[in-house]
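If you want the building blocks of each chain, they are given just below.
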Amino acid sequence: MIKVFYGEKGMGKSKMMVDLANDHVDRQDGDVVFVDDSNDLMLKLKHKIRFTDVSIYPVSGADQFLSFLCGIISQNYDIESIFIDGLTYIVKEDINALENFFNHISSLMEKYEIHFIFSINGKPETMPAYLKAYI
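So, here is what we can say about the structure in this document. (Residues numbered from 1 in each chain as written. Predicted model: local features only at pLDDT ≥ 70, side-chain atom pairs only at ≥ 80, totals over all residues. Heavy atoms only, no water.)

**Focus: the nonpolar core**
Then step 1. Counting residues in each nonpolar core, the largest one holds 35 residues, and the members touching the most others are Phe65, Phe101, Phe102, Phe116 and Phe118.
Then step 2. Elements supplying a minimum of two residues to this core: β1 (2-7), β2 (31-36), α2 (62-74), β4 (79-85), α3 (87-91), α4 (99-112) and β5 (115-121).
Then step 3. The biggest single contributor to this core is α2, with seven residues. (Core = buried A, V, L, I, M, F, W, Y, C linked by side-chain atoms within 4.5 Å. Buried < 20%, exposed > 50% of the residue type's maximum accessible area, 1.4 Å probe, protein only. Helix = DSSP H or I, 4+ residues; strand = E, 2+ residues; numbered from the N terminus.)

**Digging into the pattern of salt bridges**
Then step 1. Inspection of the entire model under this criterion finds three salt bridges.
Then step 2. Arginine 27 is the partner of aspartate 23 in a salt bridge, and the nearest nitrogen-oxygen pair spans 2.7 Å. Of this pair, aspartate 23 and arginine 27 both sit in helix α1 (residues 13-27), separated by four residues, roughly a single helical turn.
Then step 3. Given a relative accessible area of 34%, aspartate 23 falls into the partly exposed group.
Then step 4. Overall, arginine 27 belongs to the exposed group, its relative accessible area being 56%. (Salt bridge = Lys/Arg side-chain N within 4 Å of Asp/Glu carboxyl O.)

**Some points on the side chain of serine 119**
Then step 1. The topology assignment puts serine 119 in strand β5.
Then step 2. According to the relative accessible area criterion, serine 119 is buried, its value standing at 3%.
Then step 3. For serine 119, the side chain forms a polar contact with the main-chain nitrogen of glycine 86, separated by 2.8 Å.
Then step 4. If we ignore the near neighbours within four places in the chain, the residues touching serine 119 are Phe5, Lys13, Met17, Ile84, Asp85, Gly86 and Leu87. (Polar contact = N/O pair within 3.5 Å; in protein donor to acceptor, adjacent residues only side chain to side chain. Contact = heavy atoms within 4.5 Å.)

**Focus on the layout of surface pockets**
Then step 1. When its volume is computed, the largest pocket comes out at roughly 270 Å³.
Then step 2. The wall of the largest pocket is formed by 17 residues, among which Ser14, Asp85, Gly86, Tyr89 and Asn121 lie closest to the centre.
Then step 3. At the level of secondary structure, the elements contributing two or more residues to the lining of the largest pocket comprise α1 and β5.
Then step 4. The biggest single contributor to the lining of the largest pocket is β5, with three residues. (1 Å grid on protein atoms, 1.4 Å probe; cavity = no way out; pocket = protein on both sides within 12 Å on 5 of 7 lines; lining within 4 Å. Points joined across faces, edges and corners; volume = space filled by probe spheres on them.)

**A word on unusual backbone geometry**
Then step 1. Even without being a glycine, lysine 92 presents a positive backbone phi close to 55 degrees.
Then step 2. Inspection of the secondary structure assignment puts lysine 92 in the loop between α3 and α4.
Then step 3. Judged by its relative accessible area of 68%, lysine 92 falls in the exposed class.

**Details of α1**
Then step 1. With 15 residues, α1 ought to run about 21 Å at 1.5 Å a step, and its terminal C-alpha atoms sit 21 Å apart, in line with that.
Then step 2. Along α1, the residues that are buried comprise Lys13, Met17, Val18, Ala21, Asn22, His24 and Val25.
Then step 3. In this structure, the buried residues of α1 make contact with β1, β2, β4 and β5. (Expected span 1.5 Å × (residues − 1).)

Have a look at this one:
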């Protein structure tokens, strides 16, 4: 499953992500990973969730971030869910340029049976058509 929370800044996407991650870790047997571009949310997550602040790593762009996620997956075969808060802030690319990234995420989801949950800032009327399948 790929799920996207898409909307304008300040509508509560990060809080929904934290709540959902905390719920997932209680309901799943596998591991939950939460990736963000700062450590602001770290203390709001249950201790069983693996929190990763991507800003401390030299990740730039969607391709490098995809490789970063593959590295996380390759080190832990028990991951069931990966939460990515603020995708466009992490990759520093426009959402319209990320369709290929989501195609690769879809392949990873199918191959490793991992749930990917994203939050993305943007105006609903400018949401790319390819994202509508994940809302």
